[in-house]
Amino acid sequence: MWFTYPPFDEHDFLARVLGRAPELVPGVLRDYQWVRHAAYTHVVPCAGAQVQGSLLYSQMGDEWMWDAEFGVTQGYYRRLQLPVEAGGKTWQAWVMVAGPSLAWAVQGQEDTTCT
């Protein structure tokens with residue numbers, strides 16, 4: 001399972017990255033905050049916050065496509081398995097969170113204060 005958040009849960013984006021338009025299930029990632037940025041929208045830990053997004057089932061090879069799109073090897077994002085609530089259940093899903101290089105790339109351009 002993957003959890004995506006805006007703008008990465010849009011059908012056009014998913015079709016381009018994954019080569020298909022997967023079925024999306026509304027979900028909630030708790031204790032993380034969505035941070036909008038012109039080039040690097042991401043989520044950061046934040047107790048009590050929540051991120052609305054979508055769960056989707058993964059297929060073989062998805063992790064390579066996600067990693068390439070999000071610059072995982074360059075450190076912009078990293079994958080974590082986190083609990084996501086959807087359909088009255090809690091699922092373990094891969095989530096792209098800010099990586100070490102992302103902090104450098106957006107330095108001074110955003111407010112990442114946990115609210």
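Provided above is the structure to which this section pertains.
Bear in mind the structure is a predicted one, so any value in this text is a computation, not a measurement. (Residues numbered from 1 in each chain as written. Predicted model: local features only at pLDDT ≥ 70, side-chain atom pairs only at ≥ 80, totals over all residues. Heavy atoms only, no water.)

Topic: the environment of Pro 22
- Secondary-structure assignment places Pro 22 in the loop between helix 1 (11-18) and strand 2 (25-35).
- Overall, Pro 22 belongs to the buried group, its relative accessible area being 7%.
- The spatial distance from the C-alpha of Pro 22 to the C-alpha of Leu 55 is 9.7 Å, given a sequence separation of 33 residues.
- Excluding residues that lie within four positions of it along the chain, Pro 22 makes contacts with His 11, Leu 14 and Leu 56. (Helix = DSSP H or I, 4+ residues; strand = E, 2+ residues; numbered from the N terminus. Buried < 20%, exposed > 50% of the residue type's maximum accessible area, 1.4 Å probe, protein only. Contact = heavy atoms within 4.5 Å.)

Details of the packing of aromatic side chains
- Under the counting rule described, the total for this entry stands at 6 aromatic pairs.
- When the ring of Phe 13 is compared with that of Trp 66, the centres are 6.4 Å apart and the planes differ by 45°; the resulting orientation is tilted. With Phe 13 in helix 1 and Trp 66 in helix 2 (residues 62-70), this pair connects stretches of sequence that are 53 residues apart.
- The exposure class assigned to Phe 13 is buried, which follows from its relative accessible area of 12%. (Phe/Tyr/Trp six-rings, centres within 6.5 Å; stacked < 30°, edge-to-face > 60°.)

Quick notes on the sheet that holds strand 5 (residues 89-98)
- With mixed pairing, the 5 strands of this closed barrel are ordered in space as 1-3-2-4-5. Shown here is a sheet whose adjacent strand axes are inclined to one another by a mean of 50°, direction ignored.
- As paired strands, strand 2 and strand 4 (residues 77-86) are joined by 2 bridges and run antiparallel to one another. Each residue of the ladder has a partner; that of Leu 29, found in strand 4, is Val 84.
- Along the sheet, helix 2 makes contact with strand 1 (2-4), strand 3 (42-56), strand 4 and strand 5, crossing strand 1 at roughly 30°. (Pairing = 2+ DSSP bridges. Axes fitted to C-alpha atoms, helices over the stretch in contact; angles between N-to-C directions.)

So, to be careful, I would describe these as geometric facts and stop short of saying anything about function.
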